[in-house]
Amino acid sequence: MTQDLLFSALETELARGAARGADALAPFATGGLDRAARHLMRDTRPIALFTGFYVAHAARPAAETDGPMAVMAIAEALHALGREVMVVTDAPCAPVLDQLVREAGLPRSTLLALEHADGLQDALHARGVKTVFSIERPGRAIDGRCYSMRGRDLSAHTLAFDAVFHPRSGFIRLAAGDGGNEIGMGALPRSALFTHIDQGQTIASATGADALIVAGVSHWTSYALAAAMMARAPDQAPVWQDAVSDVREHHRLAAALKAGAVDGVTGEATPTIDGMELSTHLDKRDRLISLAAAYVPPDRVL
């Protein structure tokens, strides 16, 4: 299998298995996974990871499980590789990210939890950040507001971080999403978003990215990167695979729930991500890793 065929297969598999139209959007983001993996492999400068989707309609409103766990897997992998990492969210989602950062044993300075977005760019520049990477973070729609997949206006509960993902922000912009309403999805043609996403004309994000990863569930982004590194950076791949191991994934989910996280689909505080048991997500991880293993030369198989 050539690398081109591998990444095509990874992106196809990554978009399968959910009901929000990701499989129809994925062809418009071809190459995004490879570009993101290459950048993360080569660039050793500080990076800021953005996440946190507040479920305001839940009985106990909190950040959803999808997003924070993937960001933490990536943060742990990059930290283990000697990279300085920031995790950025807003105050409503902060308890879940704070718990995850502490449970991971990362420096407390890793988390930047903001009450308002003023000064965000200055804070990133002060830490030497050159790359911003958003996973499952609401993006502003055409009307300037942020929406849930059901068309609920989230603006009152969501800081807009879109400014640092503007093409003229000066940052290298990576993003991942699964529903069309997240930061980065504005890189896709509006016609595709409006056609393949329910209420797309209302909820579709207008904020794009230099490399966009479209996933059936945003949580799978860390799995796809772990698989991609088997081809792009075999020496780094064991670190990425350890970051998404069964033990670490179960631990993260338990930590997120302890901090009050809820499932973004059901709004319930259950050990699920987008309505699916963790075992289902781990099966997706295994399929992605298996695809990559078919490419890696025999003497480099992990």
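Note that the coordinates shown come from a computational prediction; the quantities given were computed from them, not determined experimentally. As a convention, each chain's residues are numbered from 1 in the sequence order in which they are written. Totals for whole chains, interfaces and linings use every residue, but because this is a predicted model, local features are given only for residues with pLDDT of at least 70 and side-chain atom pairs only at 80 or more, for both listing and counting. With hydrogens and water stripped out, all remaining heavy atoms of the structure feed into the side-chain values.

Quick word on helix α12 (residues 278–293)
Each α-helix turn comprises 3.6 residues. Residues three or four places apart therefore point the same way.
Stage number 1. An ideal rise of 1.5 Å per residue puts 22 Å on 16 residues; α12 measures up with 22 Å between its terminal C-alpha atoms.
Stage number 2. Every buried residue belonging to α12 is among L278, H281, L282, K284, R285, L288, I289 and A292, and all of these are buried. In an axial view of α12, the angular spread of the buried residues amounts to 150°, which keeps them on one side of the axis.
Stage number 3. The contact criterion used throughout is that any non-hydrogen atoms of two residues lie within 4.5 Å. Only runs of H or I of at least four residues qualify as helices and only runs of E of at least two qualify as strands under DSSP, and these elements are numbered from the N terminus. Where the residues of α12 are buried, they touch α1 (3–15), α9 (221–232), α10 (237–243), α11 (246–258), β9 (272–273) and β10 (276–277). The length a helix should cover is 1.5 Å for every residue beyond the first. Between buried and exposed lies partly exposed: a residue is buried under 20% and exposed over 50% of the maximum accessible area for its type, with that area taken using a 1.4 Å probe on protein chains only. The arc in question is the one traced by the directions running from the helix axis out to the C-beta atoms.

Focus on the environment of K130
Stage number 1. Residue position: K130 is located in the loop between α6 (120–126) and β6 (131–135).
Stage number 2. Judged by relative accessible area, K130 falls into the partly exposed class, the value being 38%.
Stage number 3. The sequence separation of K130 and T51 amounts to 79 residues, and the corresponding C-alpha distance is 17 Å.
Stage number 4. Not counting the four nearest positions on each side in its chain, K130 is found in contact with R45, P46, F171 and I172.

Things to note about the pattern of salt bridges
Stage number 1. Take a side-chain nitrogen of Lys or Arg and a carboxyl oxygen of Asp or Glu: if they are within 4 Å of each other, that pair is a salt bridge. One pass over the full model with this rule turns up 19 salt bridges.
Stage number 2. Linked through salt bridges whose partners overlap, the residues forming this network are E76, D242, R248, E249 and R252.

Section: empty space enclosed by the protein
Stage number 1. Points on a 1 Å grid over protein atoms alone make up a cavity when a 1.4 Å probe fits among them but cannot get out, and a pocket when they form an open set with protein on both sides within 12 Å along at least five of seven lines; lining residues each have an atom within 4 Å of a point. Grid points are joined across faces, edges and corners, and a volume is the space filled by probe spheres set on the points. With the rule as written, the count across this model stands at 1 cavity of 30 Å³ or more.
Stage number 2. Quantified by volume, the largest cavity comes out at close to 50 Å³.
Stage number 3. In terms of lining, the largest cavity is formed by E11, L14, A26, A29, L33, L212, I213 and V214.
Stage number 4. When residues of the lining of the largest cavity are traced back to their parent elements, those giving at least two are α1 and β8 (211–214).
Stage number 5. It is β8 that provides the largest number of residues to the lining of the largest cavity, a total of 3 residues.
Stage number 6. Split by residue class, the lining of the largest cavity holds 7 nonpolar, no polar and 1 charged. When residue character is reported, Ala, Val, Leu, Ile, Met, Phe, Trp, Tyr, Cys and Pro are called nonpolar, Asp, Glu, Lys and Arg charged, and the others, Gly included, polar.

Some points on the packing of α11 against α12
Stage number 1. Axis lines are fitted to C-alpha atoms, over the contacting stretch for helices. Their N-to-C directions set the angle, which ranges from 0 to 180 degrees. Running from N to C, α11 and α12 cross one another at 145°; their axes reach a closest spacing of 11 Å. Taken as a pair, α11 and α12 cross one another with a handedness that is right-handed. Of α12, the residues touching α11 (which contributes D246, E249, H250 and L253) are L278, L282 and R285.
Stage number 2. Residue classes in the contact of α11 with α12 are distributed as 3 nonpolar, 1 polar and 3 charged. Crossing chirality is assigned from the near helix's rotation relative to the far helix, an anticlockwise turn below a right angle marking it left-handed and a clockwise turn marking it right-handed.

Some thoughts on the environment of D263
Stage number 1. Examined against the element boundaries, D263 turns out to sit in the loop between α11 and β9.
Stage number 2. A relative accessible area of 0% means that D263 is categorised as buried.
Stage number 3. Between the C-alpha atoms of D263 and D274, which are 11 residues apart in sequence, the distance is 5.8 Å.
Stage number 4. Those residues in contact with D263 that lie beyond four places of it in its chain are T65, E268, T270, T272, I273, D274, G275 and M276.
Stage number 5. Any pair of nitrogen or oxygen atoms within 3.5 Å is treated as a polar contact; in protein, a donor-acceptor pairing is required on top of that, and neighbouring residues in sequence qualify only through side-chain atoms on both sides. Within the local environment of D263, its side chain forms a polar contact with the backbone nitrogen of V265, the two atoms lying 2.8 Å apart.

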